[in-house]
Amino acid sequence: MELSDLYSEKILDLAANAPQPGRLAQPDASARKTSKVCGSVVEVDLVVREGVIVAYGHQVSACALGQTSAAVVAREIVGTSAAEFVALRNTVRTMLNEEGAPLPDGKWSDLRYLEPVRGYRARHASTMLVFDAVVAALEKIESAESVVAKS
């Protein structure tokens, strides 16, 4: 398979029509992730209430694969529990690394279009950036809540 085969019409459509939520003025946490392979960068902002993501912002400077992941996340993340998002990140990582792995479903089903990335390890990092950034922000929130609870 040629590298250009990765960029299906659906991936290019999702990337081209990606929501651009911008950054949040007062997030509970922010995180930035960078791909060392291609230089793609994703910065995310989250507001979480009672374990549910209620506001999301991002700034994305990434290839079409990173933009596609970020587009689906931006479209679907609000209303998702932190635990569900961590499980989704793990599902996508498994999808990229293992033949026959379960594919994302429900509101996340467009992430299935990224399955062909499996054969291109160098593209995994940019595809995973938004997921890793959101989980890093969730971990910051969880850590802050843990500190407050112990006080």
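In this convention, every chain numbers its residues from 1, walking through the sequence in written order. Local features in this predicted model are restricted to residues whose pLDDT is 70 or higher, and side-chain atom pairs enter the listing and the counts only when it is 80 or higher, whereas totals over whole chains, interfaces and linings include all residues. Hydrogens and waters are ignored; side-chain quantities use all the structure's heavy atoms.

Draft legend 1. Layout of the state of the cysteines. Throughout, a disulfide means two cysteine sulfur atoms within 2.5 Å of one another. Here the structure, examined in full by the defined rule, presents 0 disulfides. Lacking any disulfide linkage, Cys63 is separated from the closest cysteine sulfur, that of Cys38, by 5.0 Å. For every residue, the accessible area obtained with a 1.4 Å probe (protein chains only) is divided by the maximum for its type, and the residue is called buried under 20%, exposed over 50%, and partly exposed between those limits. On the accessibility criterion, Cys63 (22% relative accessible area) is partly exposed.

Draft legend 2. Representation of the side chain of Arg118. As for its placement among the helices and strands, Arg118 is situated in the loop between α3 (82-97) and α4 (124-150). When its relative accessible area of 16% is taken as the criterion, Arg118 is described as buried. Throughout, a residue-residue contact means that at least one pair of heavy atoms, one from each residue, lies within 4.5 Å. Excluding residues within four positions of it along the chain, Arg118 makes contact with Met95, Leu96, Glu98, Glu99, Gly100 and His124. We count a stretch as a helix when DSSP gives it H or I for four or more residues in a row; a strand needs E for two or more, and each element gets its number in order from the N terminus.

Draft legend 3. Expanded view of the packing of helix α1 (residues 9-16) against helix α2 (residues 64-76). As a rule, the C-alpha atoms of each element are fitted with a line to give its axis, helices using only the stretch in contact, and angles between N-to-C directions run from 0 to 180 degrees. Between α1 and α2, the least distance of the axes is 8 Å, while the angle of their chain directions is 65 degrees. The interaxial crossing formed by α1 with α2 has left-handed handedness. Counting all contacts with α1, which are made through Ile11, Leu12, Leu14 and Ala15, the residues of α2 involved are Ala64, Leu65, Gln67, Thr68, Ala71, Val72 and Arg75. Looking at side-chain class alone, the contact of α1 with α2 contains 8 nonpolar, 2 polar and 1 charged residues. Two helices crossing with the near one rotated counterclockwise from the far one by less than a right angle form a left-handed crossing, whereas a clockwise rotation gives a right-handed crossing. Three residue categories are used. Nonpolar comprises Ala, Val, Leu, Ile, Met, Phe, Trp, Tyr, Cys and Pro, charged comprises Asp, Glu, Lys and Arg, and polar comprises the others, including Gly.

Draft legend 4. Region of interest: the nonpolar core. Grouped together as the largest cluster of nonpolar side chains are 38 residues, with contacts concentrated most on Leu46, Phe85 and Val134. Those elements that place two or more of their residues in this core are α1, β1 (29-34), β2 (41-49), β3 (52-61), α2, α3 and α4. The biggest single contributor to this core is α4, with 11 residues. Sequence-distant contacts of Leu46, defined by excluding residues within four places in its chain, comprise Leu24, Pro27, Asp28, Ala29, Ile53, Ala55, Tyr56, Ile77, Val134, Ala137, Leu138 and Ile141. Here, nonpolar core means buried Ala, Val, Leu, Ile, Met, Phe, Trp, Tyr and Cys residues that are tied together by side-chain atoms lying within 4.5 Å of each other.

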